[in-house]
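Residue-level structure breakdown
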Amino acid sequence: RDRASDRLSETRATRAPSRGHVSLFAALAALLAPDTAAPRLPSVALEEIAAPAEEPSDTWRMALAEGVRVIAHSFADPSPFVAPAHDAGALVIAQVRSVDEARRAAGAGVDAIVAQGTEAGGHTGRMSTLPLVPAVVDAVAPVPGLAAGGIADGRGVAAALMLGAEGVWIGR
């Protein structure tokens, strides 16, 4: 906990350029909350503050207290995380592998949903990105839907947008 907190503080103090995925979150936060200034997000790899859990952990709460403004939740029920994140002024993005998971995430009140096809590392489900994206987008509207999995260039971004996604989540 102290190491992660120190890393967040150091990043703020140096105002170092953000890593790609954090910049994506800043841009997404501005898209989802255009009436507010884009949050200043620390440049910390999410793996350092993420922990699989069924309820918010101390590390998770520390991240919110330190000013993390976008929480990415993956492949489980996000319900226990939404209210505490929103109370702290953070947005919650849920990564999903199926339409059922997407509906559950939308019902929990997440701010955006990432339809992540099996091309995203091969461990994220059984459906490919191209059929998953429009099914998820249609199922969760008006919650913004993003596409992930196998998107590596402008053509992939264009395809995702044509399928109804409002943006893409590109891995590293």
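Above this text sits the structure in question.
Residues numbered from 1 in each chain as written. Predicted model: local features only at pLDDT ≥ 70, side-chain atom pairs only at ≥ 80, totals over all residues. Heavy atoms only, no water.

The terminal C-alpha atoms of helix 6 (residues 129-140) lie 16 Å apart, and with 12 residues this matches the ideal 16 Å at 1.5 Å per residue to within 8%. Those residues of helix 6 not exposed but buried are Thr129, Leu132, Val133, Val136, Val137 and Val140. The buried side chains of helix 6 occupy one side of the element, clustering within an arc of 120° when seen end-on. Among the exposed residues of helix 6, those pointing more than 90 degrees away from its buried face are Leu130 and Asp138. Looking at the buried residues of helix 6, the elements they touch are strand 2 (91-96), helix 5 (99-108), strand 3 (112-116), strand 4 (145-148) and helix 7 (154-162). (Helix = DSSP H or I, 4+ residues; strand = E, 2+ residues; numbered from the N terminus. Expected span 1.5 Å × (residues − 1). Buried < 20%, exposed > 50% of the residue type's maximum accessible area, 1.4 Å probe, protein only. Arc of directions from axis to C-beta. Contact = heavy atoms within 4.5 Å.)

Next up on the list: empty space enclosed by the protein. In the structure shown here, the tally under the stated rule is two cavities of 30 Å³ or more. If you add up the space inside the second largest cavity, you get close to 40 Å³. For the second largest cavity, the full set of lining residues is His73, Phe75, Ala76, Ala94, Gln95, Val96, Glu101, Arg104 and Ala105. Taken together, the residues of the lining of the second largest cavity break down into five nonpolar, two polar and two charged. (1 Å grid on protein atoms, 1.4 Å probe; cavity = no way out; pocket = protein on both sides within 12 Å on 5 of 7 lines; lining within 4 Å. Points joined across faces, edges and corners; volume = space filled by probe spheres on them. Nonpolar A, V, L, I, M, F, W, Y, C, P; charged D, E, K, R; others polar.)

So, on to the sheet that holds strand 1 (residues 70-74). As summarised here, the arrangement of the five strands in space is 1-2-3-4-5, forming an open sheet in which the pairing is parallel. Each having just a single partner strand, strand 1 and strand 5 (167-169) make up the two edges of the open sheet. Put simply, the sheet's adjacent strands are angled 30° from each other on average, direction ignored. (Pairing = 2+ DSSP bridges. Axes fitted to C-alpha atoms, helices over the stretch in contact; angles between N-to-C directions.)

Okay, the side chain of Glu101 next. Topologically, Glu101 is positioned in helix 5. A polar contact is formed between the side chain of Glu101 and the backbone nitrogen of Arg97, at a distance of 2.8 Å. Those residues in contact with Glu101 that lie beyond four places of it in its chain are Phe75 and Val96. (Polar contact = N/O pair within 3.5 Å; in protein donor to acceptor, adjacent residues only side chain to side chain.)

As a packed pair, helix 5 and helix 6 sit with axes 9 Å apart at the nearest point and diverge in direction by 30°. With respect to helix 6, the element helix 5 is oriented roughly parallel. Relative to helix 6, helix 5 is oriented so that their crossing is right-handed. Packed against helix 5, whose contacting residues are Val99, Ala102, Arg103 and Ala106, the element helix 6 presents Leu132, Ala135, Val136, Ala139 and Val140 at the interface. The residue inventory of the contact of helix 5 with helix 6, partitioned by class, reads eight nonpolar, no polar and one charged. (Parallel < 35°, antiparallel > 145°, perpendicular 65-115°, else oblique. Left-handed = near helix turned anticlockwise from the far one by under 90°.)

Moving on: the side chain of Gln95. Following the sequence through the fold, Gln95 ends up in strand 2. Look at Gln95 and you get buried, because its relative accessible area is 10%. A polar atom in the side chain of Gln95 sits 2.5 Å from the side chain of Ser74. In this view, Gln95 contacts His73, Ser74, Phe75, Val114, Gln116 and Trp169; residues no more than four positions away in its chain are not counted.

Moving on, we get to the environment of His86. Relative to the helices and strands, His86 is located in helix 4 (residues 79-87). Given a relative accessible area of 34%, His86 falls into the partly exposed group. Along the sequence, His86 and Ile71 sit 15 residues apart, while their C-alpha atoms lie 10.0 Å from each other. Beyond its immediate chain neighbours, meaning those up to four positions away, His86 contacts Val92, Gly109 and Asp111.

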